[in-house]
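Chain by chain, the residues run as shown.
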Amino acid sequence: MGGLVRRDNNCQIFILAGGLSTRMGRDKSRVRLGSRTLLGHVREMAAQTGLRVRVIRRDAVARCGPIGGIYTGLQRSRAEFLLFLACDMPFISASSLKKMAKVLRARDVHGRDIALRCPPGRPSGPSLPPSEFSAAVFATNGRSFGFPILLQREAAFPIVARQIETGELSLQVLARKLQAKTIRFPARQLANINTRDELARAKKKIPR
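What comes next is a walk through the structure. Note that the coordinates shown come from a computational prediction; the quantities given were computed from them, not determined experimentally.

It is worth spelling out the overall build of the protein at this point. A count of helices and strands for the protein gives 6 helices and 10 strands. Counting only residues that meet the buried cut, the protein has 49% of its 208 residues in that class. Taking all contacts inside the protein whose residues are at least 6 apart in sequence as the whole, residues at least 24 apart take part in 72%. When the accessible surface of the protein is totalled, it reaches about 10700 Å², and 47% of it is carbon and sulfur.

Take a look at the structure:
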């Protein structure tokens, strides 16, 4: 298969675009970079995976940062796995997103691939040995955890909900609580465009 998984309810992409954009001074998702908006660049890469894509513009719980967007996606989706992207990462690539999904791959006793299918304890379908199953994969730059983030919904939702409740809004804490696997991407792909200066530098790196 060329995409991450079949185009079904197994996995869904959410692009977070509900931030306040205080450092940019205007809605980052609508800022233009070359021929597309920042959100447009991310949406294009997400679409190339073949998965369903949804944009979150208003969080279910306001002023909770990225955790608020993650909570909103986990609350609204019925997909088993959710891949979260930030709208201000225009250099992320579809190949990187596919690579991230492969981190959750395993093989059954017959050597057949199982991709993003069955967490332990599910009665239907083949089950993954606990040592081969992870509820989360976070991108890393070698120093901290961040987007893109792939979460198993049922495992992640109660932990994220508890973080919202207690005001513990750190992605680093979430990664530790989920015992997340990590995958390192080129620094350029993980670059966020948060300020006008960063936008000006990014315009020099992208075709018009």
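So much for the structure itself; the text now carries on.
Ile70, Phe84, Phe147 and Leu151 are the most contacted members of the largest nonpolar core, which totals 50 residues. Per-element tally for this core: the top contributor is strand β5 (residues 81-86), with 6 residues. Setting aside residues up to four positions removed in sequence, phenylalanine 84 forms contacts with Phe14, Leu16, Gly69, Ile70, Gly73, Leu74, Phe147, Pro148, Ile149 and Leu151. Core analysis: the next-biggest nonpolar cluster, separate from the first, contains 9 residues, Val31, Ile193, Leu199 and Ile206 among them.

The next subject is the packing of aromatic side chains. Within this structure, the stated rule accounts for 3 aromatic pairs. When the ring of phenylalanine 14 is compared with that of phenylalanine 84, the centres are 6.0 Å apart and the planes differ by 25°; the resulting orientation is stacked. Linking phenylalanine 14 in strand β1 (residues 11-16) with phenylalanine 84 in strand β5, this pair joins segments that are 70 residues apart in sequence. A relative accessible area of 0% places phenylalanine 14 in the buried class. Between phenylalanine 138 and phenylalanine 145 the ring centres are 6.0 Å apart and the planes differ by 70°, which places this aromatic pair in the edge-to-face class. Overall, phenylalanine 138 belongs to the buried group, its relative accessible area being 0%.

This brings us to the packing of helix α2 (residues 65-76) against helix α4 (residues 153-166). As a packed pair, α2 and α4 sit with axes 9 Å apart at the nearest point and diverge in direction by 135°. By the criterion of interaxial angle, the relationship of α2 to α4 is oblique. With respect to the hand of their crossing, α2 and α4 are arranged in left-handed fashion. Residues Ile67, Gly68, Ile70, Tyr71, Leu74 and Gln75 of α2 form the contact with α4, whose own contacting residues are Arg153, Ala156, Phe157, Val160, Ala161, Gln163 and Ile164. Considering only residue class, the contact of α2 with α4 consists of 9 nonpolar, 3 polar and 1 charged.

Read across the sheet, 6 strands follow the order β4-β1-β5-β9-β8-β10 without closing on themselves; strand pairing throughout is mixed. Looking at which strands have only one partner, the edges of the open sheet turn out to be β4 (52-56) and β10 (181-184). Ignoring which end each strand starts from, the neighbouring axes of this sheet average 25° apart. Sheet topology places β5 next to strand β9 (residues 145-152); 4 bridges connect them, and they run antiparallel. Paired with phenylalanine 81 across the bridge in β9 is glutamine 152. Docked against the sheet, α2 engages β1, β4, β5 and β9, running at close to 145° with respect to β5.

Further remarks concern the environment of asparagine 141. Tracing the sequence through the fold places asparagine 141 in the loop between β8 (136-140) and β9. Counting along the chain gives 43 residues from asparagine 141 to arginine 184, while the straight-line C-alpha distance between them is 5.9 Å. Once residues lying within four places of it in the same chain are set aside, the contact partners of asparagine 141 are Arg184 and Leu190.

Inspection of the secondary structure assignment puts leucine 169 in the loop between α4 and α5 (171-177). Taking the C-alpha atoms as reference, leucine 169 lies 7.2 Å from glycine 65; in sequence the two are 104 residues apart.

A word on the pairing of β5. Most of β5 sits out of view: 6 of its 6 residues are buried. Judged by which residues are buried, β5 turns out to be covered on both faces: Phe81, Leu83 and Leu85 on one side and Leu82, Phe84 and Ala86 on the other are all buried. Note: β1 against β5, 6 bridges, orientation parallel. Paired with phenylalanine 14 across the two strands is phenylalanine 84, which belongs to β5.

About the thresholds
Residues numbered from 1 in each chain as written. Predicted model: local features only at pLDDT ≥ 70, side-chain atom pairs only at ≥ 80, totals over all residues. Heavy atoms only, no water. Helix = DSSP H or I, 4+ residues; strand = E, 2+ residues; numbered from the N terminus. Buried < 20%, exposed > 50% of the residue type's maximum accessible area, 1.4 Å probe, protein only. Contact = heavy atoms within 4.5 Å. Areas by Shrake-Rupley, 256 points an atom, 1.4 Å probe, with all protein chains shown as cover. Core = buried A, V, L, I, M, F, W, Y, C linked by side-chain atoms within 4.5 Å. Phe/Tyr/Trp six-rings, centres within 6.5 Å; stacked < 30°, edge-to-face > 60°. Axes fitted to C-alpha atoms, helices over the stretch in contact; angles between N-to-C directions. Parallel < 35°, antiparallel > 145°, perpendicular 65-115°, else oblique. Left-handed = near helix turned anticlockwise from the far one by under 90°. Nonpolar A, V, L, I, M, F, W, Y, C, P; charged D, E, K, R; others polar. Pairing = 2+ DSSP bridges.

The values reported here are purely geometric and, on their own, carry no functional implication.
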